Amino acid sequence: MRRTLRARRAGQAAVNAAATGAGYALRAAPGLAGLGLVSYGAWLAWPPAGYLAAGALLLADVVAGRLPSRSPSGGEEL
């Protein structure tokens, strides 16, 4: 009986981890698709521009992810 409960809990933990990963991937997919399309469009104009656009967009995404959020706190207006 205890083995069954442990196996069930382990299975639930694995399903939760997979769902969390899938949710993250679904939220990231539109941004990655946009990055790919912009890079492809730049590549059509001039192939090195596609690589430059992809690098610049990825760098901007990393920088934006490291900036603190600027939400109003304590009812202060911006």
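Just above sits the structure.
Sequence order sets the numbering: in each chain, residues are counted from 1 along the sequence as written. Local features in a predicted model are, by the rule used here, given only for residues with pLDDT of at least 70; side-chain atom pairs are given and counted only at 80 or more, and totals for whole chains, interfaces and linings are based on all residues. As a rule here, side-chain values cover all heavy atoms of the structure and leave hydrogens and water aside.

### Digging into the environment of L35
Keep this limit in mind: Only DSSP runs of H or I covering at least 4 residues are called helices, and only runs of E covering at least 2 are called strands; the numbering of each starts at the N terminus.
Structurally, L35 is set in helix 1 (residues 2-45). Through-space distance from the C-alpha of L35 to that of L58 is 8.0 Å; in sequence the pair is 23 residues apart.

### A look at a nonpolar patch on the surface
Going by this rule: Two distance rules govern patches: like charges are joined within 9 Å, and nonpolar side chains (Val, Leu, Ile, Met, Phe, Trp, Tyr) within 5 Å, applied only to residues with over 30% relative accessible area and no salt bridge. Per-residue and other accessible areas follow the Shrake-Rupley method at a 1.4 Å probe size, with only the shown protein chains counted as cover for residues. Here, a salt bridge means any side-chain nitrogen of Lys or Arg that lies within 4 Å of a carboxyl oxygen of Asp or Glu.
A cluster of nonpolar side chains, contributed by Y40, W43, L44 and Y51, occupies part of the molecular surface with about 510 Å² of accessible area. A per-element tally of the nonpolar patch places helix 1 first, with three residues. Among the secondary structure elements, W43 is positioned in helix 1.

### Quick notes on the packing of aromatic side chains
Put simply, the test is: Note on aromatic contacts: the rings of Phe and Tyr and the six-membered ring of Trp form a pair at centre separations within 6.5 Å, being stacked when their planes are under 30 degrees apart, edge-to-face when over 60 apart, and tilted otherwise. The cut-offs for exposure are 20% and 50% of the maximum accessible area for each residue type, with area from a 1.4 Å probe on protein chains only; residues under the lower value are buried, those over the upper are exposed, and the others partly exposed.
One pass over the full model with this rule turns up one aromatic pair. Consider the rings of Y40 and W43, whose centres lie 6.0 Å apart with planes at 20°: the pair is stacked. One end of the pair is Y40 and the other is W43, both in helix 1 and three residues apart, which spans about a single turn. By relative accessible area, which is 38% here, W43 ends up partly exposed.

### Let's talk about the side chain of S39
Quick note on the threshold: Contacts described as polar in this section are N or O atom pairs within 3.5 Å, which, within protein, must combine one atom able to donate a hydrogen with one able to accept it, while residues neighboring in sequence count only if both atoms come from side chains. What makes two residues a contact is simply this: any of their non-hydrogen atoms within 4.5 Å.
Tracing the sequence through the fold places S39 in helix 1. Relative accessible area serves as the criterion here: at 10%, S39 is assigned to the buried category. Among the polar contacts listed, one links the side chain of S39 to the backbone oxygen of L35, at a separation of 2.9 Å. Excluding residues within four positions of it along the chain, S39 makes contact with G50, A53 and A54.

Scope: geometric values only; no functional claims are made or implied.
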